[in-house]
Amino acid sequence: MTMIINEKMTHLVTTLVEKTEEGKVSWSPTVNADEFVAGFSQYAILIRKYLLLDESPIQTYFELLFLNEDGREMESSVSISGQRGTQQHLRKLFTLARRSAYNVEEGLVKLLQEIESR
Amino acid sequence: MDIASLIIGALGLFISLGGFSAAIWQIKRTRTAAESAERAATAAREAVFYVTSVSDLTQIVIQMEQVKELHRNREWVRAIDRYILLRRLITEARSRLPEDTRGALTTAIIRLTRMEKAANQALTRGEQTPVVHLNNELVDLQQSLDEVRVAIEKRLLDTGGQ
């Protein structure tokens, strides 16, 4: 059962990466820095970044939360230093989520247009 | 005599076939009318849901304006109570919407739970949660709910036009 859920969580991450890149899943920021949420009809996904400040060098890790429609945590996936695959997938998803939440692509296009028109 | 019987028999068969065809045509007509009536009833029900949702979302956006004032006055207990109310209102509004429009409201609910946690921390631990930050979050939420409201109004108009 645990293996099945872990596999499904991994599949969820790779699917979210793909759909976010295609623009089919959009993310929003939350009140917390480095935290983004994507809502669906009955569930939501939240991804956040943590810094372990008492490590040297400072370590970054990512957490993906699978939430029900009321925001209760149903399952989580955490990248731990050493688990390179998970770390890379979650890092990529976090970057894509951030860009989606802040409309980075649209912002860059507008900024370039403004600069080039000068 | 034989020919007369044949003619009468053929006529009878012809009339029976005609009657049978008429019966089938009538059944089809009735079924089509029933299906149309069901479609019209579904459309009417959806229109009621949409109108109610538009009204709900308008109220929610107004409530959020009041929460901003509570933030400015550092009235965290009342603000937290309002978050709970807002989440309940959004959950109710979401239940009336078609599935493809619910995602934005689920996002709003999650963002409110994160704000509630931040406000609780401000209240219990005296942690600094900038009021500006919380109110900017509410502005964002108001905008996103307005977008959902506009999408529902458009759908309502499109449905009414059919």
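Position labels on residues start from 1 in each chain and follow its written sequence. In the order they appear in the text, chains get letters beginning with A and ligands get numbers beginning with 1. Whole-chain, interface and lining totals are the exception, using all residues; otherwise, since this is a predicted model, local features are given only for residues with pLDDT of at least 70 and side-chain atom pairs are given and counted only at 80 or more. The basis for every side-chain value is the complete set of heavy atoms in the structure, and neither hydrogens nor water enter the calculation.

A.B. asks: What exactly am I supposed to notice about the overall build of chain A here?
C.D. replies: Elements are defined by DSSP. Helices are runs of H or I of four residues or more, strands are runs of E of two residues or more, and each kind is numbered from the N terminus. Looking only at helices and strands, one finds three helices and five strands in chain A. Beginning at the N terminus, the succession of helices and strands in chain A can be written as α-β-β-β-β-β-α-α. When the 118 residues of chain A are sorted by exposure, 32% land in the buried category. Across chain A, contacts joining residues at least 24 apart in sequence account for 40% of those joining residues at least 6 apart. Accessible area for chain A stands at about 7700 Å²; split by element, carbon and sulfur atoms hold 51% of it. This count recognises Lys and Arg as positive and Asp and Glu as negative, with His and chain-terminal groups excluded. Charge coordinates come from a single atom per side chain, which is NZ of Lys, CZ of Arg, CG of Asp or CD of Glu. Taken as two groups, the 13 positive and 17 negative side-chain charges of chain A have centres that lie 4 Å from each other. Any residue under 20% of the maximum accessible area for its type is buried, any over 50% is exposed, and the rest in between are partly exposed; the area is computed with a 1.4 Å probe on protein chains only. Should any heavy atoms of two residues lie within 4.5 Å, those residues are considered in contact. In these tables, accessible area is a Shrake-Rupley quantity obtained with a 1.4 Å probe, and a residue counts as shielded only by the protein chains included in the view.

A.B. asks: What am I meant to see in the sheet that holds strand S4 (residues 59–68) of chain A here?
C.D. replies: Either a parallel or an antiparallel arrangement is found when strands of a sheet pair, and the pairing is made through backbone hydrogen bonds. Residue and element names in this part refer to chain A. A pair of strands is considered paired only if DSSP assigns at least 2 bridges between the two. One open sheet accounts for five strands, arranged S1-S2-S3-S4-S5; its pairing is antiparallel. Edge positions in the sheet fall to strand S1 (28–29) and strand S5 (73–78), since each has one partner strand and no second. Looking at chain direction, S1 and strand S2 (residues 35–39) are connected through two bridges and run antiparallel. Bridge assignment links Ser-28 to a residue of S2, and that residue is Val-37.

A.B. asks: Explanation requested: the pairing of strand S3 (residues 43–52) of chain A in the structure shown.
C.D. replies: The side chains of a regular strand alternate between the sheet's two faces. Residues and elements named next belong to chain A. One ladder, built from five bridges, connects S2 with S3; its direction is antiparallel. Within S3, the position partnered with Gly-39 by the bridge is Ala-44. Two successive antiparallel strands, S2 and S3, enclose a turn made up of three residues. Where S3 lies against S4, 10 bridges are found, and the strand directions are antiparallel. Paired with Tyr-50 across the two strands is Tyr-61, which belongs to S4. Linking two consecutive strands that pair antiparallel, namely S3 and S4, is a turn of six residues.

A.B. asks: Hey, could you run me through unusual backbone geometry in this one?
C.D. replies: For residues other than glycine, phi is negative in most cases, and the peptide bonds are mostly trans. Residues other than glycine seldom take positive phi values, yet Asp-34 of chain A does so here, at roughly 55 degrees. Considering the arrangement of structural elements, one finds Asp-34 of chain A in the loop between S1 and S2. Even without being glycine, Arg-74 of chain B reaches a positive phi, approximately 60 degrees. Relative to the helices and strands, Arg-74 of chain B is located in the loop between helix H1 (2–72) and helix H2 (76–96). Its relative accessible area of 52% is what places Arg-74 of chain B among the exposed residues.

A.B. asks: Please clarify how a nonpolar patch on the surface should be interpreted in this entry.
C.D. replies: Every patch collects residues that have over 30% relative accessible area and no salt bridge, joining them within 9 Å if they carry like charges and within 5 Å if they are nonpolar side chains (Val, Leu, Ile, Met, Phe, Trp, Tyr). The rule for a salt bridge is simple: a side-chain nitrogen of Lys or Arg has to be within 4 Å of a carboxyl oxygen of Asp or Glu. Together, Leu-51, Leu-53 and Ile-58 of chain A line one region of the surface with nonpolar side chains, adding up to about 320 Å² of accessible area. Position of Leu-53 of chain A among the secondary structure elements: in the loop between S3 and S4.

A.B. asks: How do you make sense of the packing of H1 of chain B against H2 of chain B when you look at a structure like this?
C.D. replies: Each packed pair of helices is defined by two parameters, the angle between the axes and the distance between the axes. All names here are of chain B. Note on geometry: axes are C-alpha line fits, over the in-contact stretch for helices, and angles between N-to-C directions span 0 to 180 degrees. Axis separation between H1 and H2 bottoms out at 10 Å; the angle between their running directions is 165 degrees. Between H1 and H2, the interaxial angle falls into the category roughly antiparallel. Like other packed secondary-structure pairs, H1 and H2 cross with a definite hand, here left-handed. Between H1 and H2, the residues in contact are Phe-49, Thr-52, Ser-53, Asp-56, Ile-60, Gln-63, Met-64, Gln-66, Val-67, Leu-70 and His-71 and Trp-76, Arg-78, Ala-79, Arg-82, Tyr-83, Leu-85, Leu-86, Leu-89, Ile-90, Ala-93 and Arg-96, respectively. Each residue is assigned to one class: nonpolar for Ala, Val, Leu, Ile, Met, Phe, Trp, Tyr, Cys and Pro, charged for Asp, Glu, Lys and Arg, and polar for all the others, Gly among them. Here the residues of the contact of H1 with H2 are counted per class, giving 13 nonpolar, five polar and four charged. Orientation labels follow simple angle bins: below 35 degrees gives roughly parallel, above 145 gives roughly antiparallel, 65 to 115 gives roughly perpendicular, and whatever is left gives oblique. The sense of a crossing depends on the near helix, which, turned anticlockwise from the far helix by less than a right angle, makes the crossing left-handed and, turned clockwise, makes it right-handed.

A.B. asks: I tried to follow the interface of chain A and chain B on my own but got confused; where do I start?
C.D. replies: Many descriptions give the size of an interface as the accessible area lost when the pieces come together. Counting from both sides, the interface comprises 20 residues of chain A and, opposite them, 18 residues of chain B. By buried area we mean how much accessible surface two parts lose on assembly, using a 1.4 Å probe and totalling the loss over both. Three residues stand out in chain A for area buried against chain B, namely Val-31, Ser-41 and Glu-69 of chain A, and they jointly supply 40% of the buried area on that side. For the pair chain A and chain B, the number of links is two salt bridges. One salt bridge connects Glu-35 of chain A with Arg-114 of chain B, and the closest N-O pair in it is separated by 2.8 Å. Any pair of nitrogen or oxygen atoms within 3.5 Å is treated as a polar contact; in protein, a donor-acceptor pairing is required on top of that, and neighbouring residues in sequence qualify only through side-chain atoms on both sides. The interface formed by chain A and chain B holds seven residue pairs in polar contact (both at pLDDT 80 or more) in total. Elements supplying a minimum of two residues to the side of chain A that touches chain B: S1, S2, S3 and S4 of chain A. Looking at the side of chain A that touches chain B, its residues break down into nine nonpolar, seven polar and four charged.

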